[in-house]
Amino acid sequence: ALWIGTDKSVGLYVHDLDGRVLQFFPDGPMNNVDQRSFPVGGKPMVLVAAAERARFGVMTWLLDPATLSLSRWGFLPTPRALGEPYGLCMGQVGGTTYVIPNNKAGAVQAHAVTAGADGKPVMALRHQWKLGSQTEGCVVNDATGDLYVGEEDVGIWRMSLADPSAAPVMIAAADGSRLVADIEGLTLMRDGGRTFLIASSQGDNAYAVYRLPGMESAGRFRIGAGQYGATQETD
């Protein structure tokens, strides 16, 4: 098993679950990173993508499941109007693989990614939405096509890659209690046929948990001090 994470200043790290650094790519200041299965040339691979904040785009790598090794695939510039791609997530809906960057002005874009004739990545804008202020954390439930986006000081929104014309819906407000701004990373957890949305409630160094699809609260937790210390300012 691998743990792939970004250093916001310098690049992408690949660790094993004991914390050892296996690979490092000094490919620029990165923010969010995500991955999806992605065959290239008939070979099963995993596409890894991260928001690249200096050149304004998305950096991609391919992970070979046979060797658990990453290699650079290519850099994909985002539209000039987006500016700095701040947050990012990925999704696979209706046979299309999406890379979904967002920015500090609340713009959210879904780009379809394919392998070009030369074997290099190609990205094309398919859908876009606009929220009122800074966004970052996002995650896609591939099974439903739902895209969840955190507007940092406001709440969590649901959009649809399956029905992109549908307006965004606020599904959890930053109420200062259950969910405390800034809202940062979002992720999904599946357990026994159930799906949960976990949100980083950065304002009080905690995590809010919701049952999907109805967004019923399933509680909150913090990671306290132990052998390796607590987590704070969780992005």
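Position numbers for residues count from 1 along each chain, tracking the sequence in the order it is written. With pLDDT at 70 or above as the cut-off, local features in this predicted model cover only qualifying residues; side-chain atom pairs require 80 or more to be listed or tallied, and sums for whole chains, interfaces and linings still use all residues. As a rule here, side-chain values cover all heavy atoms of the structure and leave hydrogens and water aside.

Visitor: Would you mind showing me how to read the sheet that holds strand S7 (residues 69-77) here?
Guide: Sheets are built from strands paired through backbone hydrogen bonds, the pairs being either parallel or antiparallel. In this description, strands pair whenever DSSP reports at least two bridges between them. Here a helix means four or more residues in a row that DSSP labels H or I, a strand means two or more in a row labelled E, and each is numbered from the N terminus. Reading across from one edge, S4-S5-S6-S7 is the order of the 4 strands in this open sheet, with antiparallel pairing throughout. One side of each edge strand has no neighbouring strand; the edge strands of this open sheet are strand S4 (30-37) and S7. Neighbouring strand axes in the sheet, compared pairwise and without regard to direction, differ in orientation by 20° on average. Where S4 and strand S5 (residues 46-52) come together, 6 bridges link them in antiparallel fashion. Bridged to Val33 within S5 is Ala50. Lines fitted to C-alpha atoms define the axes here, with helix axes fitted over just the stretch in contact, and angles between the N-to-C directions of these axes take values from 0 to 180 degrees.

Visitor: Quick question: what am I supposed to make of the state of the cysteines here?
Guide: By definition, a disulfide links the sulfur atoms of two cysteines through a covalent bond. Working definition: a disulfide is two cysteine sulfur atoms within 2.5 Å of each other. According to the stated counting rule, one finds 1 disulfide in the structure shown. Covalent S-S linkage joins Cys89 and Cys138, the inter-sulfur distance amounting to 2.3 Å. Handedness of the Cys89-Cys138 disulfide follows from its S-S torsion of about -120°: it is left-handed. Taken together, the positions of Cys89 in strand S8 (residues 87-93) and Cys138 in strand S12 (residues 135-141) put the pair 49 residues apart, joining distant regions of the chain. Among the residues examined, Cys89 registers a relative accessible area of 0% and is labelled buried. We call a residue buried when its accessible area falls under 20% of the maximum for its residue type, exposed when it is over 50%, and partly exposed in between, using a 1.4 Å probe and counting protein chains only.

Visitor: What is the right way to read the sheet that holds strand S18 (residues 206-212) from this model?
Guide: Sheet architecture is open: 4 strands sit in the order S16-S17-S18-S19, paired in antiparallel fashion. The open sheet terminates on both sides in strands that have one partner only, identified here as strand S16 (183-191) and strand S19 (216-221). Taking the axes of each pair of neighbouring strands and ignoring which way they run, one obtains an average angle of 25° across the sheet. Direction of pairing for S16 relative to strand S17 (residues 194-201): antiparallel, over a ladder of 7 bridges. Paired with Ile183 across the strands is Ser201, a residue of S17.

Visitor: Quick question: what am I supposed to make of the pairing of strand S6 (residues 57-64) here?
Guide: As a general feature of sheets, a regular strand has side chains that alternate between the two faces. Within S6, 8 of the 8 residues are buried, which leaves the element mostly enclosed by the surrounding structure. Pairing between S5 and S6: 7 bridges, direction antiparallel. From the neighbouring strand, Glu52 faces S6, where its bridge partner is Gly57. In textbook terms, the turn of a hairpin is the stretch between consecutive antiparallel strands, and for S5 and S6 this stretch comprises 4 residues, one of which, Phe56, has a positive phi near 65°.

Visitor: Mind showing me how you'd approach the environment of Ala218 here?
Guide: When you line up the elements, Ala218 lands in strand S19. On a C-alpha basis, the gap between Ala218 and Leu197 in space is 9.4 Å, while along the polypeptide they are 21 residues apart. Note on contacts: a residue pair is in contact if any heavy atoms of the two residues lie within 4.5 Å. The contacts of Ala218, once residues within four sequence positions are left out, are Phe196, Val209, Tyr210 and Arg211.

Visitor: Can you help me understand a nonpolar patch on the surface in this one?
Guide: On the surface, a nonpolar cluster with roughly 230 Å² of combined accessible area is contributed by Val10, Val21 and Phe24. Tracing the backbone through its elements, the reader meets Phe24 in strand S3 (residues 21-25). Judged by its relative accessible area of 34%, Phe24 falls in the partly exposed class. Patch members must show over 30% relative accessible area and no salt bridge, and they are joined within 9 Å when carrying like charges or within 5 Å when they are nonpolar side chains of Val, Leu, Ile, Met, Phe, Trp or Tyr. Every accessible area reported is derived by Shrake-Rupley at a probe size of 1.4 Å, with residue values counting cover from the shown protein chains alone. What makes a salt bridge here is a side-chain nitrogen of Lys or Arg within 4 Å of a carboxyl oxygen of Asp or Glu, nothing more.

Visitor: In this structure, what is going on with the pattern of salt bridges? I would like to understand it.
Guide: If charged atoms from side chains of opposite charge come close, those side chains can pair. Going through the model one piece at a time under the given rule, you end up with 12 salt bridges. A salt bridge links Asp34 to Arg36; the nearest nitrogen and oxygen atoms lie 3.5 Å apart. Of the two residues examined, Asp34 and Arg36, each falls in the buried class. A salt bridge links Arg55 to Glu52, with the nearest nitrogen and oxygen atoms 3.0 Å apart. Owing to a relative accessible area of 2%, Glu52 belongs among the buried residues under this scheme. Linked by salt bridges that have partners in common, Asp16, Asp18 and Arg20 make up one network.

The values are spatial; any link to function lies outside them.
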